[in-house]
Amino acid sequence: MSAASTLTAQAVRIGVDGRLEVIDLGAGESTGAAIRSAIGCRWFDVVRLGRDLDMWVDDEGAIQADAQVNLMATAIARAHGAIWQPFCGAVVFAAHDGNGATVGLSANDTSANYCQTY
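Conventions we followed
Residues numbered from 1 in each chain as written. Predicted model: local features only at pLDDT ≥ 70, side-chain atom pairs only at ≥ 80, totals over all residues. Heavy atoms only, no water. Helix = DSSP H or I, 4+ residues; strand = E, 2+ residues; numbered from the N terminus. Buried < 20%, exposed > 50% of the residue type's maximum accessible area, 1.4 Å probe, protein only. Contact = heavy atoms within 4.5 Å. Areas by Shrake-Rupley, 256 points an atom, 1.4 Å probe, with all protein chains shown as cover. pLDDT = per-residue confidence, 0-100. Pairing = 2+ DSSP bridges. Salt bridge = Lys/Arg side-chain N within 4 Å of Asp/Glu carboxyl O. 1 Å grid on protein atoms, 1.4 Å probe; cavity = no way out; pocket = protein on both sides within 12 Å on 5 of 7 lines; lining within 4 Å. Points joined across faces, edges and corners; volume = space filled by probe spheres on them. Nonpolar A, V, L, I, M, F, W, Y, C, P; charged D, E, K, R; others polar. Arc of directions from axis to C-beta.

Asker: For this particular structure, what's the right way to read the overall build of the chain?
Answerer: Scanning the chain from terminus to terminus reveals three helices and six strands. For the chain, the sequential pattern of α-helices and β-strands runs β-β-α-β-β-α-β-β-α. A total of 118 residues make up the chain; the buried ones form 38% of that total. Of the contacts made within the chain by residues no fewer than 6 positions apart, 49% connect residues no fewer than 24 positions apart. For the chain, the accessible surface area stands at approximately 6600 Å², while carbon and sulfur atoms represent 50% of it.

Asker: What exactly am I supposed to notice about the confidence of the model for the chain here?
Answerer: Detailed reading of the predicted model is not advised wherever pLDDT is low. Summary statistics for the chain give a mean pLDDT of 82 and a share of 83% for residues scoring 70 or more. The lowest-confidence element of the chain is helix α3 (residues 112-116), averaging 50 in pLDDT; the highest-confidence one is helix α2 (residues 71-79), averaging 94. Confidence drops under pLDDT 50 across residues 1-7; counting only partners more than four residues distant or on other chains, this segment forms five contacts.

Asker: Sorry if this is basic, but what is going on with the pairing of strand β2 (residues 20-24) here?
Answerer: Consecutive side chains along a regular strand alternate between the two faces of the sheet. Both strand β1 (residues 10-14) and β2 contribute to a ladder of five bridges, which runs antiparallel. In the sheet register, valine 12 faces β2, and the bridge partner there is valine 22.

Asker: Explain the pattern of salt bridges to me, please; I cannot follow it from the model alone.
Answerer: Opposite charge on two side chains permits them to pair, given that their charged atoms come into close proximity. One pass over the full model with this rule turns up two salt bridges. Residue glutamate 60 pairs with arginine 42 through a salt bridge whose shortest N-O separation is 2.7 Å. Linking glutamate 60 in the loop between β4 (53-58) and α2 with arginine 42 in the loop between α1 (31-39) and β3 (44-48), this pair joins segments that are 18 residues apart in sequence. A salt bridge links arginine 48 to aspartate 54; its shortest N-O distance comes to 2.6 Å.

Asker: Honestly, the environment of leucine 71 in this entry has me stumped. Any pointers?
Answerer: With respect to the element layout, leucine 71 can be found in helix α2. For the pair leucine 71 and glycine 18, spaced 53 residues apart in sequence, the C-alpha separation works out to 7.3 Å.

Asker: Before we go on, may I ask you to explain the layout of surface pockets in this structure?
Answerer: Empty space among the atoms becomes visible once a probe the size of a water molecule is rolled across them. Estimates place the volume of the largest pocket at around 170 Å³. Lining the largest pocket we find 13 residues, and of these Val57, Asp58, Asp59, Gln85 and Phe87 sit closest to its centre. For the lining of the largest pocket, the elements supplying multiple residues, two or more each, are β3 and β4. Tallied by class, residues from the lining of the largest pocket come to seven nonpolar, two polar and four charged.

Asker: Looking at this structure, how should I read α1?
Answerer: Given 3.6 residues to a turn, an α-helix orients residues that are three or four positions apart in the same direction. Of all the positions in α1, only Gly32, Ala34, Ile35, Ala38 and Ile39 are classed as buried. Relative to the axis of α1, the buried residues are bounded by an arc of 160° and lie together on one face. At the C-terminal side of α1, glycine 40 shows a positive phi close to 80°.

Spelled out as structure tokens, the structure:
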């Protein structure tokens, strides 16, 4: 079995350095724990960017003394209409189902091409 076939809820993590990484939100004890671990935060929040695209952010990221703006995540958010603030720290992009539950991105959405188009 390949590593890709074991992923159950694929998401994309973007660090402040702009590096993209496909991660699995379904591998840990909970989706929330996986998001906290991927972002490196205590508290997180979701920014709904589209019909089914979510960006998970560090809720305290912008108020930290060493806060770093995530230029790529901010550009993607702005391309989707979230123009009111820059976003700091690592972020995670995932999808949600019709009921608002976090689900994995499609194969097209997890590719580097998806994020590089913004």
